[in-house]
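A structural walkthrough
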Amino acid sequence: MKKNHVDRRAYPEAMVLDRWHAPDGWDHRRWTWNVPEPRKSCGSIIFQTGRGDIFEKYLETLHEWHRAGWNLTGFDWRGQSGSGRFLTDPTVGHIASFDPWIEDLAEFVRGWRAEMPGPHILAGHSMGGHLAMRYLIDHRPGLDGAILSAPMLRVVSQPLPKRLAAFIARQFARFGFADQHAWQENERPSLPGSSRQKLLTHDFERYSDEDWWLKRKPELKIGPPSWQWLVSAYASSAAMFAPDTFEKVTTPVLIVAALKDRLVDANAIKEAARRLPNAKLFMHDHAAHEVLRERDDMRDEFMAEVMRFLDERATQAA
């Protein structure tokens with residue numbers, strides 16, 4: 001069956017880009033794309049991106065969800081993309097703690113649930129998946145479902161042991177490097193076939209979409225994380241994997257991930273899936289990190305799992 005064409009390099013005509021303010025006044029970029037008659041929709045989805053990410057990269061997936069009848073929205077995390085920066089150097093991906101991100105998400109979800117029809121689904125990719133999972137654990141909101149795409153539940157520390165890597169990060173932060181790049185590797189989009197491209201997706205055209213968008217919106221660019229971001233990530237993962245955390249999450253969760261992902265910890269994903277009371281895990285043997293932007297033969301499998309999960313949530317709510 002021939003797929004409907006999606007222009008991945010243009011905002012949908014009915015999509016609205018505006019601003020959302022957290023209770024402390026922080027100004028976030030927000031996007032919203034509702035179906036023509038929201039009250040007759042299948043339900044509503046929040047989609048949150050990863051570290052240094054932009055939602056524009058996922059327009060193809062958003063088109064498919066919207067076409068299936070879902071209202072869509074999301075916001076850029078404070079300190080990155082279109083939601084400002086914490087430091088005068090805009091290239092540093094900095095955060096003092098993951099807690100403000102989780103509280104921003106909680107506040108955003110509260111307003112969204114009050115305004116939009118259910119079922120209510122929270123979706124997040126990579127760091128967005130981490131924060132979504134922390135939100136489910138900390139707030140237990142009783143959402144109708146959650147979709148985690150290659151979630152960064154633990155930071156990959158190889159070749160160092162996790163405890164040693166976390167200790168080193170704390171020492172760098174302690175001795176005055178907290179707001180400095182943790183590494184100098186260039187994370188800007190590079191040519192198809194590059195090492196960065198191979199970490200993210202096997203699809204050259206989808207990979208190049210990021211470069212296309214960032215050339216037109218350079219203000220959305222961000223570089224490597226700070227040492228304090230690493231400290232915060234290790235601390236948040238430790239809190240997430242403490243005893244009796246996942247076990248209390250009642251929300252149905254679908255996790256789609258890559259078995260050989262080199263950017264997030266696949267074993268952490270497996271452990272979370274085992275501990276969650278109502279979770280399904282789909283892992284692909286050959287996919288790279290950005291599973292929703294993979295080559296068609298792999299992406300089709302991921303999207304089939306996602307659409308099946310969404311259909312189940314809509315059917316149960318009917």
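A quick note: this is a predicted structure, and the numbers were derived from the prediction, not measured.

About the cut-offs
- All residue numbers refer to position in the chain's written sequence, counted from 1.
- In keeping with the predicted nature of the model, local features appear solely for residues at pLDDT of at least 70, side-chain atom pairs appear and are counted solely at 80 or more, and the whole-chain, interface and lining totals rest on all residues.
- To obtain the side-chain values, all non-hydrogen atoms of the structure were used and water was disregarded.
- A helix here means a DSSP run of H or I that spans at least four residues, while a strand means a run of E at least two residues long, and both kinds are numbered starting from the N terminus.
- In this treatment the radius of gyration is a C-alpha quantity, and the globule benchmark scales as 2.2 Å times the residue count to the 0.38 power.
- The classification of residues rests on relative accessible area computed with a 1.4 Å probe and restricted to protein chains. Under 20% of the type maximum is buried, over 50% is exposed, and intermediate values are partly exposed.
- The contact rule is simple, with two residues in contact once any of their heavy atoms fall within 4.5 Å.
- Only the protein chains shown count as cover for residues, and all accessible areas are computed by the Shrake-Rupley method using a 1.4 Å probe.
- Charge counting follows a simple rule: Lys and Arg are positive, Asp and Glu are negative, and His as well as the terminal groups are ignored.
- Every charge is mapped onto a representative atom, which is NZ of Lys, CZ of Arg, CG of Asp or CD of Glu.
- Axis definition: a line fitted to C-alpha atoms, limited for helices to the stretch in contact. Angles are taken between N-to-C directions and run from 0 to 180 degrees.
- The scheme is simple: roughly parallel for angles under 35 degrees, roughly antiparallel for over 145, roughly perpendicular for 65 to 115, oblique for anything else.
- Only Asp, Glu, Lys and Arg are considered charged, only Ala, Val, Leu, Ile, Met, Phe, Trp, Tyr, Cys and Pro nonpolar, and every remaining residue, Gly among them, polar.
- By the convention used here, strands pair only if DSSP detects at least 2 bridges between them.
- Put simply, buried Ala, Val, Leu, Ile, Met, Phe, Trp, Tyr and Cys residues joined by side-chain atoms within 4.5 Å make one nonpolar core.
- Multiply 1.5 Å by the residue count of a helix minus one, and that product is the helix's expected span.
- In the sections that follow, a salt bridge refers to a side-chain nitrogen of Lys or Arg positioned within 4 Å of a carboxyl oxygen of Asp or Glu.

Here we come to the overall build of the protein. Helix and strand counts for the protein come out as nine helices and eight strands. For 318 residues, the compact-globule formula gives about 20 Å, and the C-alpha radius of gyration of the protein, at 18 Å, lands near that figure. Its C-alpha atoms give the protein principal-axis dimensions of roughly 55 × 45 × 45 Å. Counting only residues that meet the buried cut, the protein has 56% of its 318 residues in that class. In the protein, 79% of the contacts between residues at least 6 apart in sequence involve partners at least 24 apart. Looking at the protein as shown, the accessible area adds up to about 14,300 Å², and 52% of this sits on carbon and sulfur atoms. For the protein, the distance from the average position of its 43 positive side-chain charges to the average position of its 43 negative side-chain charges is 3 Å.

Attention shifts here to the packing of helix 2 (residues 99-115) against helix 3 (residues 127-139). Following both chains from N to C, one finds helix 2 and helix 3 inclined at 70°, their axes separated by 9 Å at the closest point. With respect to each other, helix 2 and helix 3 are oriented roughly perpendicular. Two secondary-structure elements touch here, helix 2 through Asp99, Trp101, Ile102, Glu103, Leu105, Ala106 and Val109 and helix 3 through Met127, Leu131, Ala132, Arg134, Tyr135, Asp138 and His139. Considered class by class, the residues forming the contact of helix 2 with helix 3 number nine nonpolar, one polar and four charged.

Let's shift gears to the sheet that holds strand 2 (residues 27-33). Adjacent strands of a sheet form backbone hydrogen bonds with each other and so pair up, either parallel or antiparallel. The strand order 1-2-4-3-5-6-7-8 describes an open sheet built from eight strands, whose pairing is mixed. Across the chains shown, the open sheet's two edge strands, defined by having one partner strand only, are strand 1 (16-21) and strand 8 (279-284). Across the sheet, the mean angle from the axis of one strand to that of its neighbour is 20°, orientation sign disregarded. As paired strands, strand 1 and strand 2 are joined by six bridges and run antiparallel to one another. Along strand 2, the bridge assignment pairs Trp20 with His28. Against the sheet, helix 3 makes contact with strand 3 (43-48), strand 5 (120-125), strand 6 (145-149) and strand 7 (253-258), and its axis sits at roughly 135° relative to strand 5, the strand it touches most. Its contacts with the sheet put helix 8 (residues 266-275) on strand 7 and strand 8, and the angle it makes with strand 8 is roughly 155°.

A few words on the nonpolar core. By size, the foremost hydrophobic cluster in this structure holds 55 residues, and its most contacted members are Met133, Tyr135 and Trp229. At the level of secondary structure, the elements contributing two or more residues to this core comprise helix 2, helix 3, strand 6, helix 4 (162-177), helix 7 (227-240), strand 7 and helix 8. With near-sequence residues (within four places) excluded, Met133 lies in contact with Leu148, Leu153, Met240, Phe246, Val249 and Leu276. Membership of the second largest hydrophobic core comes to 34 residues, among which are Met15, Tyr58, Leu62 and Ala258.

Time to look at the environment of Gly79. When you line up the elements, Gly79 lands in the loop between strand 4 (70-75) and helix 2. With residues near it in sequence (within four places) discarded, Gly79 still touches Trp26, Gly84, Arg85, Phe86 and Ile222.

The α-helix advances 3.6 residues per turn, and as a result positions three or four apart in sequence lie on the same side. For helix 2, spanning 17 residues, the distance from its first C-alpha to its last is 25 Å, which sits close to the expected 24 Å at 1.5 Å a residue. Of all the residues in helix 2, the buried ones are Trp101, Ile102, Asp104, Leu105, Ala106, Phe108, Val109 and Trp112.

Counting across every chain of the model gives 31 salt bridges. Asp18 serves as the salt-bridge partner of Arg30, at 2.9 Å between the closest nitrogen and oxygen. Placement of the pair is Arg30 in strand 2 and Asp18 in strand 1, with a sequence separation of 12 residues. By relative accessible area, Asp18 is classed as partly exposed at 26%. In this structure, the salt-bridge partner of Glu271 is Arg275, at a minimum N-O distance of 3.3 Å. Separated by four residues within a single helix, Glu271 and Arg275 lie in helix 8, roughly one turn from each other. Taken together, the shared-partner salt bridges in this structure form one network comprising Asp53, Lys57, Arg196, Glu210, Glu290 and Arg293.

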